[in-house]
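# Residue-level structure breakdown
This is what each chain is made of:
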Amino acid sequence: MTDHILVIGYGDTGRLAVNAVLAAQPDARLTVLDKNFLAVAEAAANDVTAVVGDGRDRCALSEAAADVADRVIIAVPDDLSAFLITKAVRPLNPDTVIVAVIREAENHEIFSVDRAVSVHMRYPDDMET
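Residues numbered from 1 in each chain as written. Predicted model: local features only at pLDDT ≥ 70, side-chain atom pairs only at ≥ 80, totals over all residues. Heavy atoms only, no water.

## Observations concerning the overall build of the chain
So the rule is basically this: Only DSSP runs of H or I with at least four residues qualify as helices, and only runs of E with at least two residues qualify as strands; both kinds are numbered from the N terminus onward. Relative accessibility decides the category of a residue: with a 1.4 Å probe and only protein chains considered, values under 20% of the type maximum give buried, values over 50% give exposed, and everything between is partly exposed. Here the open area of atoms and residues is found with the Shrake-Rupley method and a 1.4 Å probe, where only the protein chains shown may cover a residue.
When its secondary structure is counted, the chain shows five helices and six strands. Expressed as a percentage of its 129 residues, the buried residues of the chain come to 45%. In the structure as shown, the chain presents an accessible area of about 6700 Å², 56% of it carried by carbon and sulfur atoms.

What follows is the structure, given as structure tokens:
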């Protein structure tokens, strides 16, 4: 079986993550979770499973199979939401690798408390989400 990767947020950063995964692992099982119906439709058009819902909501996370994801990439435009999503995912899947993309350097410390979370900075000259 291939990796199951859940990408939460399908703005510019989420799209880049999905495209990078598909380029490196064409057979990866990808699921996108986003609150925006149009973003979900776009993800589905990119041949990935797509679910409408909030990454902070356990029901939406369950529907997106967060409990069996090998990796979870959190690519939402707000660091607080990313932190809350991290805290919602962890009890559902204690062993998954979580990658959180954050915008503010001072928020790095709150994510790094959980050593299983990999934190990546999104710099101002990057594309907007």
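## So, the layout of surface pockets
Rolling a probe over the atoms, with the probe sized like a water molecule, indicates the empty space that remains. Put simply, the test is: In the cavity and pocket records, a cavity denotes points on a 1 Å grid over the protein atoms alone where a 1.4 Å probe fits but cannot get out, a pocket denotes an open set with protein on both sides within 12 Å along at least 5 of 7 lines, and lining residues are residues with an atom within 4 Å of a point. Grid points are joined across faces, edges and corners, and a volume is the space filled by probe spheres set on the points. For this scheme, ten residues count as nonpolar: Ala, Val, Leu, Ile, Met, Phe, Trp, Tyr, Cys and Pro. Four count as charged, namely Asp, Glu, Lys and Arg, and the remainder, Gly too, count as polar.
Put simply, the largest pocket is a space of about 220 Å³. Considering the residues around the largest pocket, the lining is formed by 18 residues, among which Gly9, Asp34, Lys35, Val76 and Pro77 are closest to the centre. When contributions to the lining of the largest pocket are tallied by element, the ones reaching two or more residues are β2 (29-34) and α4 (79-92). Here the lining of the largest pocket is built from residues that sort into seven nonpolar, six polar and five charged.

## Digging into the pairing of strand β5 (residues 97-102)
So the rule is basically this: At least two bridges found by DSSP between two strands is the condition for calling them paired. By convention, orient the strands away from the viewer: a clockwise path from the first strand over the helix to the second makes the crossover right-handed.
Counting buried positions along β5 gives five out of six residues, so the element sits mostly inside the fold. Pairing analysis gives four bridges linking strand β4 (residues 71-74) to β5, with the strands arranged parallel. Across the sheet, residue Val72 finds its bridge partner in β5, namely Ile98. For the handedness criterion, the β-α-β arrangement of β4, α4 and β5 is classed as right-handed.

## Things to note about the environment of Ala44
Structurally, the position occupied by Ala44 is in helix α2 (residues 37-45). Residue Ala44 is classed as partly exposed on the basis of its relative accessible area, which comes to 40%. With 13 residues separating them along the chain, Ala44 and Thr31 place their C-alpha atoms 9.1 Å apart.

## Notes on the packing of aromatic side chains
Selection rule: Each Phe, Tyr or Trp ring, with Trp reduced to its six-membered ring, pairs with another whose centre is within 6.5 Å; inter-plane angles below 30 degrees give stacked pairs, above 60 give edge-to-face pairs, and intermediate values give tilted ones. Charges are assigned to positions over rings by a cutoff of 6 Å between ring centre and Lys NZ or Arg CZ, combined with an angular limit of 35 degrees from the ring normal.
Counted under the stated rule, the structure contains zero aromatic pairs. Taking NZ or CZ as reference, Arg15 lies 5.7 Å from the ring centre of Tyr10, over its face.

## Quick notes on the confidence of the model for the chain
Selection criterion: The score called pLDDT rates the predictor's confidence residue by residue, from a low of 0 to a high of 100.
When pLDDT is averaged across the chain, the result is 87; 85% of the residues are at 70 or more. Least confident of the elements in the chain is strand β6 (residues 117-121), whose mean pLDDT is 59; most confident is strand β3 (residues 49-52), at 98.

## Overview of the side chain of His4
Put simply, the rule reads: Two N or O atoms form a polar contact when they lie within 3.5 Å of each other; inside protein one atom must be a possible hydrogen donor and the other a possible acceptor, and for residues adjacent in sequence the pair counts only when both atoms belong to side chains. Should any heavy atoms of two residues lie within 4.5 Å, those residues are considered in contact.
Within the secondary structure, His4 sits in strand β1 (residues 4-8). Residue His4 is classed as buried on the basis of its relative accessible area of 2%. Within the structure, His4 has its side chain in polar contact with the side chain of Thr31 (distance 3.0 Å). Setting aside its immediate chain neighbours within four residues, His4 contacts Arg29, Thr31, Ala64, Ala65, Val68, Ala69, Asp70 and Arg71.

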